[in-house]
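Here's the letter readout for the chains.
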Amino acid sequence: QVKLVESGGGLAQPGGSLTLSCAASGFDFRPYAMSWARQVPGRGRDWVSGFYLNGNDTYYHDSVKGRFTMSRDNAGHTLYLQMNHLKPEDTGLYFCAMRRHFGDVKVLTEYNYWGQGTQVTVSS
């Protein structure tokens with residue numbers, strides 16, 4: 001069974017930084033895409049960043065572009081999200097997710113596997 005475990009969340013002040021990690025295990029296939037998403041109070045789950053396993057680019061939502069950096073090992077077993085210049089609106093429950101089959105990296109409804117999330121709170 002696929003298991004995704006996020007870690008690294010916590011409390012940060014505006015302008016501060018946090019690094020999230022996602023350990024992926026229990027799969028013997030090559031994922032099609034992997035992403036970070038966040039659940040924001042009062043809103044649905046939003047896509048934040050992601051990549052295609054057969055591609056070379058990493059994609060970011062405009063709201064985090066230039067502040068967040070997603071990285072991974074080449075096999076997709078470990079994902080990272082380096083978050084800099086944090087803003088209060090970055091507060092939320094952050095998830096990593098894996099899509100097994102082809103599709104748009106930004107479409108969260110078609111992802112197959114999700115972690116339990118790690119809470120990020122940005123407040124002064």
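Residues take numbers from 1 onward in each chain, read along the sequence in its written order. Only residues with pLDDT of at least 70 are given local features in this predicted model, and only at 80 or more are side-chain atom pairs given and counted; all residues enter the totals for whole chains, interfaces and linings. Side-chain figures throughout are based on the complete set of non-hydrogen atoms in the structure, without hydrogens or water.

### Digging into the state of the cysteines
Next up, step 1: When the sulfur atoms of two cysteines come within 2.5 Å, that pair is taken as a disulfide. Using the criterion set out here, one finds 1 disulfide in the structure.
Next up, step 2: The disulfide that involves C22 links it to C96, with 1.9 Å between the sulfurs. On the sign convention where negative is left-handed, the bridge of C22 and C96, at about 55° about the S-S bond, is right-handed. Here the residue C22 occupies a position in strand β3 (residues 18–25), and C96 occupies one in strand β9 (residues 92–99), the gap between them amounting to 74 residues.
Next up, step 3: Overall, C22 belongs to the buried group, its relative accessible area being 1%.
Next up, step 4: For C96, a relative accessible area of 0% puts it in the buried group. Counting from the N terminus, the helices are the DSSP runs of H or I reaching at least four residues and the strands are the DSSP runs of E reaching at least two. Buried means the residue's accessible area, taken with a 1.4 Å probe over protein chains only, is under 20% of the maximum for its type, while exposed means over 50%, and partly exposed covers the values in between.

### Describing the sheet that holds strand β7 (residues 68–72)
Next up, step 1: Two strands are counted as paired when DSSP detects at least two bridges linking them. Here 4 strands make up an open sheet; going across it, the order is β1-β3-β8-β7 and the pairing antiparallel. Both outer strands of the open sheet, β1 (3–7) and β7, are each paired with one neighbouring strand and no more. Here the average twist between neighbouring strands, direction ignored, is 15°. For helices, the fitted axis covers only the stretch in contact; all axes are lines through C-alpha atoms, and the angles between them, taken along N-to-C directions, range from 0 to 180 degrees.

### As for the pattern of salt bridges
Next up, step 1: By convention in these notes, a salt bridge is any Lys or Arg side-chain nitrogen within 4 Å of a carboxyl oxygen on Asp or Glu. Under the counting rule described, the total for this entry stands at 5 salt bridges.
Next up, step 2: Here D90 and R38 are joined by a salt bridge, their closest N and O atoms 3.0 Å apart. Taken together, the residues span a long stretch of sequence, with D90 in the loop between β8 (78–83) and β9 and R38 in strand β4 (residues 33–39) at a distance of 52 residues. Accessibility classification places D90 together with R38 in one group, the buried group.
Next up, step 3: Notably, a salt bridge pairs E110 with R99, separated by 2.7 Å at the nearest N-O pair.

### With respect to the packing of aromatic side chains
Next up, step 1: Here a Phe, Tyr or Trp ring, Trp counted by its six-membered ring, pairs with any other such ring whose centre lies within 6.5 Å, and the pair is stacked when the planes are under 30 degrees apart, edge-to-face when over 60, and tilted otherwise. A complete count under the given rule lists 6 aromatic pairs for this structure.
Next up, step 2: Taken together, a centroid distance of 5.9 Å and an interplanar angle of 80° make the contact between Y52 and Y59 edge-to-face.
Next up, step 3: On the numbers, 6.2 Å between centres and 55° between planes, the contact of Y111 with W114 is tilted.
Next up, step 4: Looking at Y111, the relative accessible area reads 6%, which means it is buried.
Next up, step 5: Residue W114 is classed as partly exposed on the basis of its relative accessible area, which comes to 25%.
Next up, step 6: Three or more aromatic residues joined by ring pairs form one cluster here, namely F27, F29 and Y113.
Next up, step 7: Criterion for a charge above a ring: Arg CZ or Lys NZ at most 6 Å from the ring centre, at most 35 degrees from the ring normal. Lying across the ring of F95, R45 places its NZ or CZ 4.1 Å from the centre.
Next up, step 8: The cationic tip of R45 hangs over the ring face of W114; the distance from NZ or CZ to the ring centre is 4.4 Å.

All quantities given are derived from atomic positions and should not be read as evidence of function.
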